[in-house]
Amino acid sequence: MSNEDQSKAANQMWGGRFAEGPDAIMQAINASIGFDKRLYAQDIAGSRAHAAMLAAQGILTDSDAGVIREGLLTVLSEIEAGNFPFRVELEDIHLNIESRLTEIVGEAGKRLHTGRSRNDQVAVDFRLWVRDQCDAAISGLSALMRAFVAQAEQGADWVMPGFTHLQTAQPVTWGHHMMAYVEMFARDRSRFEDARKRMNESPLGAAALAGTSFPIDRHMTAGALGFDRPTANSLDSVSDRDFALEFLSVASITAMHLSRFAEELVIWSSAQFRFVRLSDKWTTGSSIMPQKKNPDAAELLRAKLGRILGATVALFTIMKGLALTYSKDMQEDKEQVFDAADNLMLGLAAMTGMVSDMAANRDSLTLAAASGFSTATDLADWLVRRLNLPFREAHHVTGTLVGMAEKAGIDLPDLSLDQMQSVHPGITDEVFTVLGVENSVNSRVSYGGTAPVRVREQIARWKAQLA
């Protein structure tokens with residue numbers, strides 16, 4: 001097609017208002033087909049529902065509706081086969097599909113746009129696409145949670161150090177640590193489920209901004225597209241992107257949780273920790289250091305958060321200054337969401353693979369759990385229970401004993417009874433029953449605690465929910 005023909009085609013879509021086509025710069029900044037072609041399936045689904053409704057309402061003939069339906073299926077097959085002639089002069093996916101439909105079916109194709117606008121058309125397409133991404137995220141999170149539960153079940157009673165400030169705090173179990181991420185990702189999953197419920201209203205039929213004078217049935221198109229109901233205000237329908245913002249916000253929280261565990265994998269797989277071994281699938285070597293096994297997948301997952309969070313901030317920035325209703329600024333909403341969704345799904349799949357493949361080093365975990373005076377709190381609690389000391393006094397006695405052990409280069413359980421009694425004469429040899437890390441974790445039986453019996457209860461609960 002010549003430049004003159006392209007200009008003519010563009011002007012035919014616009015109508016008679018513009019005598020000349022846009023110059024190359026305006027065309028480049030105005031066209032969105034380079035990215036919004038990803039909405040083709042949603043656009044065709046919306047158009048099929050719209051055509052069926054127009055026929056049911058007597059706005060289109062059954063003959064025209066049937067021709068349009070078949071024509072749209074032809075367009076769909078062309079796109080999926082990679083044979084569709086996307087044309088930048090037609091700006092976006094909506095005009096590209098409508099133009100091709102008209103080429104295929106003739107005059108009937110020009111009737112499809114009756115009672116709607118590109119404003120409500122893009123709103124419904126985008127909402128359908130984001131709804132699909134919520135479903136994908138929910139499925140991906142469920143798979144990731146199952147991987148964490150499997151790790152927890154394997155090591156429900158394996159002791160490891162629990163950290164605060166990345167300093168040894170108290171002994172916990174490997175299973176307890178794994179189940180902490182199940183809880184985090186479960187909340188992420190519920191946020192996607194909630195977001196999906198809120199966005200499941202159809203803007204189709206809101207038209208440009210004020211509705212339409214044609215006797216359309218918005219409840220019919222909403223039902224055909226799997227929405228719970230049509231949106232209730234035409235101005236709001238075409239002008240807001242809070243459904244996309246909510247998706248991005250939840251994606252950012254999810255990515256933050258992915259990033260936190262990725263950071264732990266980087267630390268844990270280091271030679272200094274040796275808590276876990278990552279498989280060759282998720283690591284790389286060094287070009288000059290043959291001993292290296294770098295946790296590159298985990299490091300890249302940490303970085304993905306930046307892209308997803310950046311997309312969230314970008315869309316908030318786009319939307320914050322827009323008066324009602326539609327403005328062309330809103331064309332810039334999709335690339336941010338597309339990129340964030342792609343990276344979120346990649347991150348979920350990669351993390352599921354890493355968690356499934358990683359092997360915990362029980363010996364290293366146990367050795368580390370017993371270091372750093374991790375049972376100091378158990379000693380303080382024993383002083384309160386057995387000697388009836390106020391907790392602050394027990395805390396002081398324990399701190400003195402920790403200092404004594406540190407000076408001697410030993411751990412708390414290695415102090416003799418005489419040494420302990422030199423700090424407080426009421427201490428008996430019963431104290432040694434609480435100083436072992438196994439005893440410590442077994443004693444933490446409060447609901448949500450690290451005791452293996454509690455951990456196994458949580459594992460059973462989540463296995464049933466995720467089955």
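For the structure itself, look to the data block above.
This write-up is about the structure you can find in this document. The structure displayed is predicted, hence computed values, not measured ones.

An α-helical segment advances 3.6 residues per turn. Residues three or four places apart therefore align on the same side. The first and last C-alpha atoms of helix H12 (residues 296-319) sit 35 Å apart over 24 residues, in line with the 34 Å expected at 1.5 Å per residue. Along H12, the positions that sit buried rather than exposed are Ala 297, Ala 298, Leu 301, Leu 305, Ile 308, Ala 311, Thr 312, Leu 315, Ile 318 and Met 319. Buried residues along H12 sit in contact with helix H10 (234-239), helix H11 (242-268) and helix H13 (334-357).

This next bit is on the pairing of strand S1 (residues 159-164). By the bridge criterion, five bridges tie S1 to strand S2 (residues 167-173) in an arrangement that is antiparallel. Within the sheet, the bridge partner assigned to Thr 164 lies in S2 and is Gln 167.

It is worth spelling out the nonpolar core at this point. Counting residues in hydrophobic clusters, the biggest one holds 93 residues, and the most contacted among them are Trp 174, Phe 192, Phe 261 and Met 351. Per-element accounting of this core gives the leading share, 15 residues, to H11. Apart from the residues lying within four places of it in its own chain, the contact partners of Phe 261 are Phe 148, Met 178, Tyr 181, Trp 268, Met 351, Val 355 and Met 358. Within the second largest apolar cluster, 19 residues are counted, among which are Leu 389, Leu 412, Ile 427 and Val 431.

A separate point is unusual backbone geometry. With an omega of 5°, the peptide bond running from Leu 324 to Thr 325 counts as cis. Tracing the sequence through the fold places Thr 325 in the loop between H12 and H13. Unusually for a residue other than glycine, Ala 207 sits at a positive phi of about 60°. Tracing the backbone through its elements, the reader meets Ala 207 in the loop between strand S3 (201-202) and helix H9 (218-224). Notably, Asn 388 is not glycine yet its phi reads approximately 60°, a positive angle. Inspection of the secondary structure assignment puts Asn 388 in the loop between helix H15 (376-387) and helix H16 (391-408). By relative accessible area, Asn 388 is classed as exposed at 66%.

What follows deals with the packing of aromatic side chains. Across all of its chains, the model carries 15 aromatic pairs by this definition. Where Tyr 181 meets Phe 261, the ring centres are 4.8 Å apart and the plane angle is 70°; that geometry is what we call edge-to-face. Highlighted residues: Tyr 181 in helix H8 (residues 174-199) and Phe 261 in helix H11, separated in sequence by 80 residues. Its relative accessible area of 5% is what places Tyr 181 among the buried residues. Put simply, the rings of Phe 148, Phe 163, Trp 174, Tyr 181, Phe 185, Phe 261, Trp 268, Phe 273 and Phe 275 touch in pairs and so form one group of aromatic residues. A cation sits over an aromatic face here: Lys 334 above Phe 126, 5.6 Å from the ring centre.

Let us look at the environment of Thr 433. Here Thr 433 lies in helix H18 (residues 432-435). With relative accessibility at 47%, the residue Thr 433 sits in the partly exposed group. Residues Thr 433 and Pro 413, spaced 20 residues apart in sequence, show a C-alpha to C-alpha distance of 9.4 Å. Separated by 2.6 Å, the side chain of Thr 433 and the backbone oxygen of Glu 430 make a polar contact.

A grouping of Leu 209, Leu 235 and Leu 324 is seen on the molecular surface, where their side chains present a nonpolar patch of about 270 Å² in accessible area. In this fold, Leu 235 is placed in helix H10. Judged by its relative accessible area of 34%, Leu 235 falls in the partly exposed class.

The rules we used
- Residues numbered from 1 in each chain as written.
- Predicted model: local features only at pLDDT ≥ 70, side-chain atom pairs only at ≥ 80, totals over all residues.
- Heavy atoms only, no water.
- Helix = DSSP H or I, 4+ residues; strand = E, 2+ residues; numbered from the N terminus.
- Expected span 1.5 Å × (residues − 1).
- Buried < 20%, exposed > 50% of the residue type's maximum accessible area, 1.4 Å probe, protein only.
- Contact = heavy atoms within 4.5 Å.
- Pairing = 2+ DSSP bridges.
- Core = buried A, V, L, I, M, F, W, Y, C linked by side-chain atoms within 4.5 Å.
- Phe/Tyr/Trp six-rings, centres within 6.5 Å; stacked < 30°, edge-to-face > 60°.
- Lys NZ or Arg CZ within 6 Å of the ring centre and 35° of its normal.
- Polar contact = N/O pair within 3.5 Å; in protein donor to acceptor, adjacent residues only side chain to side chain.
- Patch = residues over 30% accessible without salt bridge, like charges linked within 9 Å, V, L, I, M, F, W, Y side chains within 5 Å.
- Areas by Shrake-Rupley, 256 points an atom, 1.4 Å probe, with all protein chains shown as cover.
- Salt bridge = Lys/Arg side-chain N within 4 Å of Asp/Glu carboxyl O.

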